[in-house]
Amino acid sequence: MTPRNLLSAAAAAALLVAPAAFALEAADMKKILEVVDDRQRNGGDYKSLVYLEQKEKDKADVVREALVYRRDADDKLMILFTKPKGEAGKGYLRLDKNLWSYDPNVGKWERRTERERIAGTDSRRADFDESRLAEEYDPTYEGEEALGKFQVHKLSLKGRANIDVAYPVIKLWVDKETTNILKRQEFALSGRLMRTLYYPKWQKLFSESKGSDVWYPQEIRIYDEVEKSNSTVILIKSVDLRSLEANIFTKAWLESKSR
Amino acid sequence: MLQILLIAYRNLLAHRRRTALLGGAIAGVTAVLVILMGVTNGMKSTMLESATTLMSGHVNVGGFFKVTAGQAAPVVTQYQKLIQELRKEIPELDYVSQRGRGWAKLVSDTGSMQVGVGGIDIEAEQGFRKVVQVRKGSLDGLNEPGTILLFEEQAKKLEVGVGDMLTLSAPTMRGTSNTLDVRVVAIAANIGMMSSWNTFVPSKSLRDLYQLKDDTTGAIYLYLKDMKDIRTVQERLRKKLPEAGYTLMDNDPRAFWMKFDVVNREGWTGQKLDITNWEDEISFVNWVVQALSFITGWLTFVLLVVIAAGIMNTLWIAIRERTREIGTLRAIGMQRARVLVMFLTEALMLSFTATVTGAVAASALCLFINSRQVKAPEVVQVMLLTEHWFLKVESGSVIFAVVLITVASMLVSLIPSFLAARMKPVTAMHHIG
């Protein structure tokens, strides 16, 4: 065998081995999703001040201020809008897999689907809730690539058969170094791209209940891919991981705050 | 009697200006009344025709299916079996159609809007082609999947024409996002507010969007041979369907989309059927007709008061002017009753001639407007449920207007006529005026 042939054989062998070297095993991908979920999971209570900036074509931009309360151990979530004046007192409350919305102007509770838009923006309940990617989706690896200055794992997630999700297919760009999500694309059943989300800033906070750091995105930029001119920016401020009042996740409590 | 008629006729002629003014006023009021009733009747007629084609049958068997307590969809499952049951129970049935019901975001390159999406089998829809006037494209295009019928107002807002592609976006019954690309195959003339939010796609396409099985639909529209049987058929279905194993919702005479709040609050899951009629399904536009009927009634009352004052005043003047004449007539032997009849005849002759003239003129105007297809302003179109003025002249309404105003005129004439008849001949003959 000539040196040239030897070199060719070595190159061919390297090419054959390369995909295996770069691909991740199913267990590794699952591990990434679990880490993504776990880094954001608190285990105890959670409260944050959130700003939602909504941009729609031919409409004035609307900024809403809201308080988000979570008790992940019981799967409870409450969003209470505090500004602007017209929206103040409106809220969402998730109880036993049911999402309820309250409007103080009519004084009525309405049962909504869990996957509904929040306050008519491009955001969904899941954007404010505990991350459950490992439970809800099965991943496949799409390779490693550069996203700006970051090296990322690109994963394609498919919704599990018996779990209802808003988007059956998701593509995730996960930072190799930190395991933070940097970009996310969500697809409809038809395969059409519906939303693209960017997570440019992550922040960590020590949680006493968890005994380690909890990561949260300080900013989420959501672009509507169906109505291209619509977008929503979520700014998450003042995260507080201390225990909340025991009876906070009730309709009566939200109504009392609406008055 | 002939003499009295002659006297009344000559007296009206003798005071031409007064007669013309009062007669003109009565004719004008009659004309206004006939036209207003024409508008109301036209609206009712258009509403019935549009509603029973676009949004409802004479009687509807719809309902909701709930996968979970919080997720209701306007879906009827195994509809073919249900149709067989309905055919068996309703001998009054003329024909049946099924219509899918959906609510989705319709997106073009330049805009978007929330619309109701009706899933239709265009070949099976007997009345649809009569009501929907296609301006561009063809209804036959709806035979192909992935197509859509829009109304002019929607096409204008979305800046699309026939052949352009749009995207329908909606969550499925399980809340998963889905989209469907549809091609515009027909653009139809507006049908008032009903065309603001209604679009139509083939049934198959609607099922694809919502990921529904082939044996599901939104509602079954029942068209009866005689609409008088609507209540009877509804009552019978309320009794027979539970016996056949179906669960019914409580009677709620509102459009199906107004019931989501109530249905979502209730804890049940599975299928419940809802029986409504066409009036229930368009109850949200009924207020327009009711408001117009109220305005017509109020305006008629005001106009009648004005006429009454006019007639009474005119007769007062006539009696005052003719006091000596009345005295003379009484002196030469005319009875009180005949004096009363003489004045009433005058009022009758004037009011009847004027009302008939007014009614004929208004009817002619209505027919002229209808024949010229006069386009109504857009704001009015919403209420008229059609883009052209349609003033339906019904003989019953015209006769009603003529009789009402003539009788009202006669009634107000009674008082001055009675006072004229009561005059003593000597006093009347001495009257200076």
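Here the structure is a predicted model, which means the values were calculated and not measured.

With reference to specific residues and values, describe the overall build of chain B.
A tally of helices and strands in chain B yields 16 helices and 11 strands. Its C-alpha atoms give chain B a radius of gyration of 30 Å, clearly above 22 Å, the size a compact globule of 433 residues would have. Seen along its three principal axes, the alpha-carbon backbone of chain B occupies a region of about 95 × 50 × 35 Å. Across the 433 residues in chain B, those meeting the buried criterion constitute 42%. A separation of at least 24 residues holds for 83% of the contacts in chain B among residues at least 6 apart in sequence.

Got a sec to walk through the overall build of chain A? Specific residues and values, please.
The helix and strand tally for chain A stands at 5 helices and 13 strands. For chain A, the spread of C-alpha atoms along the principal axes amounts to about 85 × 45 × 35 Å. Residue burial in chain A is summarised as follows: out of 259 residues, 31% are buried. Long-range pairs, those at least 24 residues apart, make up 48% of the contacts in chain A with a sequence separation of at least 6.

Break down the pairing of strand 7 (residues 165-171) of chain B for me, with residues and values.
Residue and element names in this part refer to chain B. Within strand 7, 5 of the 7 residues are buried, which leaves it mostly tucked inside the rest of the structure. In terms of strand pairing, strand 7 meets strand 8 (residues 177-188) through 7 bridges, oriented antiparallel. In the sheet register, M165 faces strand 8, and the bridge partner there is R183. Connecting the antiparallel pair strand 7 and strand 8 is a turn made up of 5 residues, with G175 showing a positive phi of about 85 degrees.

Requested: an account of the domain arrangement of chain B, with residues and values cited.
Domain annotation of chain B identifies domain 1 (2-49 + 285-430) and domain 2 (58-281). Look at where the C-alpha atoms of domain 1 of chain B and domain 2 of chain B centre, and you get two points 48 Å apart.

Requested: an account of the nonpolar core, with residues and values cited.
Residue and element names in this part refer to chain B. Counting residues in hydrophobic clusters, the biggest one holds 53 residues, and the most contacted among them are V34, I35 and A401. Only helix 1 (2-14), helix 2 (16-55), helix 11 (283-321), helix 13 (336-372) and helix 15 (395-422) provide two or more residues apiece to this core. Residues lining this core come from more than one domain, with at least three contributed by each of domain 1 (2-49 + 285-430) and domain 2 (58-281). Not counting chain neighbours up to four residues away, the residues in contact with A401 comprise T30, L33, V34, M37 and A359. Of all hydrophobic cores here, the second largest spans 50 residues; its members include Y79, L106, V201 and L273.

Please set out the interface of chain B and chain A residue by residue, giving values where relevant.
Contact with chain B, which involves 20 residues of that partner, is made by 20 residues of chain A. When residues of the side of chain B that touches chain A are traced back to their parent elements, those giving at least two are strand 7, strand 8 and helix 9 (260-265) of chain B. Among the elements that take part in the side of chain B that touches chain A, strand 8 of chain B stands out by supplying 4 residues, more than any other. Its residues assigned to classes, the side of chain B that touches chain A comprises 4 nonpolar, 13 polar and 3 charged.

Can you break down the pairing of strand 7 (residues 137-147) of chain A residue by residue, with the values?
All names here are of chain A. As defined by bridge partners, strand 7 adjoins strand 8 (residues 150-159) across 10 bridges and the pair is classed as antiparallel. When the sheet's bridge partners are listed, P139 is paired in strand 8 with L157. Hairpin remark: strand 7 followed by strand 8, antiparallel, with 2 residues in the connecting loop; positive phi at G148, about 65 degrees.

Just give me the short version of the packing of helix 13 of chain B against helix 15 of chain B, but keep the residues and values in it.
Residue and element names in this part refer to chain B. Where helix 13 contacts helix 15, the two axes come as close as 8 Å, and the packing angle between them is 155 degrees. Comparing the axis directions of helix 13 and helix 15 gives the class roughly antiparallel. Considering the relative orientation of helix 13 and helix 15, their crossing is right-handed. Among the residues forming the contact of helix 13 with helix 15, the class breakdown is 18 nonpolar, 7 polar and 2 charged.

Could you give me a rundown of the confidence of the model for chain A, with the residues and numbers involved?
With 91% of its residues at a pLDDT of 70 or more, chain A shows a mean pLDDT of 86. Note on residues 9-22 of chain A: pLDDT under 50 across the span, and 2 contacts to partners over four residues away in sequence or across chains.

Explain the packing of helix 11 of chain B against helix 15 of chain B to me, and be specific about the residues and the numbers.
Two packed helices can be described by the angle between their axes and the distance between those axes. Residues and elements named next belong to chain B. Helix 15 packs onto helix 11 with a crossing angle of 30 degrees between their chain directions and a minimal axis gap of 9 Å. The angle between helix 11 and helix 15 falls in the class roughly parallel. Viewed along their axes, helix 11 and helix 15 form a crossing whose handedness is right-handed. Together, L304, I307, A308, I311, M312, L315, W316 and I319 of helix 11 and I405, A408, S409, V412, S413, I415, P416, S417 and A420 of helix 15 make up the contact between the two elements. Partitioned by chemical class, the residues of the contact of helix 11 with helix 15 number 14 nonpolar, 3 polar and no charged.

Just give me the short version of the confidence of the model for chain B, but keep the residues and values in it.
Residues and elements named next belong to chain B. Of the residues in chain B, 98% reach a pLDDT of 70 or more, and the chain-wide mean stands at 87. Within chain B, helix 14 (residues 378-384) has the poorest average pLDDT of any element, 72, and strand 6 (residues 147-151) the best, 96. Of the two predicted TM-score estimates for the complex, the pTM is 0.75 and the ipTM is 0.80.

Please set out the environment of Y223 of chain A residue by residue, giving values where relevant.
Residues and elements named next belong to chain A. Tracing the backbone shows Y223 in strand 12 (residues 212-224). Taking the C-beta count within 10 Å as the criterion, Y223 has 19 such neighbours and is therefore assigned partly exposed. In this structure, the C-alpha to C-alpha distance between Y223 and S123, residues 100 residues apart in sequence, is 9.6 Å. Beyond its immediate stretch of four places on either side in the chain, Y223 contacts R195, T196 and S231.

Analysis parameters
- Residues numbered from 1 in each chain as written.
- Chains lettered and ligands numbered in written order.
- Predicted model: local features only at pLDDT ≥ 70, side-chain atom pairs only at ≥ 80, totals over all residues.
- Helix = DSSP H or I, 4+ residues; strand = E, 2+ residues; numbered from the N terminus.
- Rg over C-alpha atoms; globule rule 2.2 N^0.38 Å.
- Buried ≥ 20, exposed ≤ 12 C-beta atoms within 10 Å, placed from the backbone.
- Contact = placed C-beta atoms within 7 Å.
- Pairing = 2+ DSSP bridges.
- Domains from an automatic or database assignment.
- Core = buried A, V, L, I, M, F, W, Y, C linked by C-beta atoms within 7 Å.
- Nonpolar A, V, L, I, M, F, W, Y, C, P; charged D, E, K, R; others polar.
- Axes fitted to C-alpha atoms, helices over the stretch in contact; angles between N-to-C directions.
- Parallel < 35°, antiparallel > 145°, perpendicular 65-115°, else oblique.
- Left-handed = near helix turned anticlockwise from the far one by under 90°.
- pLDDT = per-residue confidence, 0-100.

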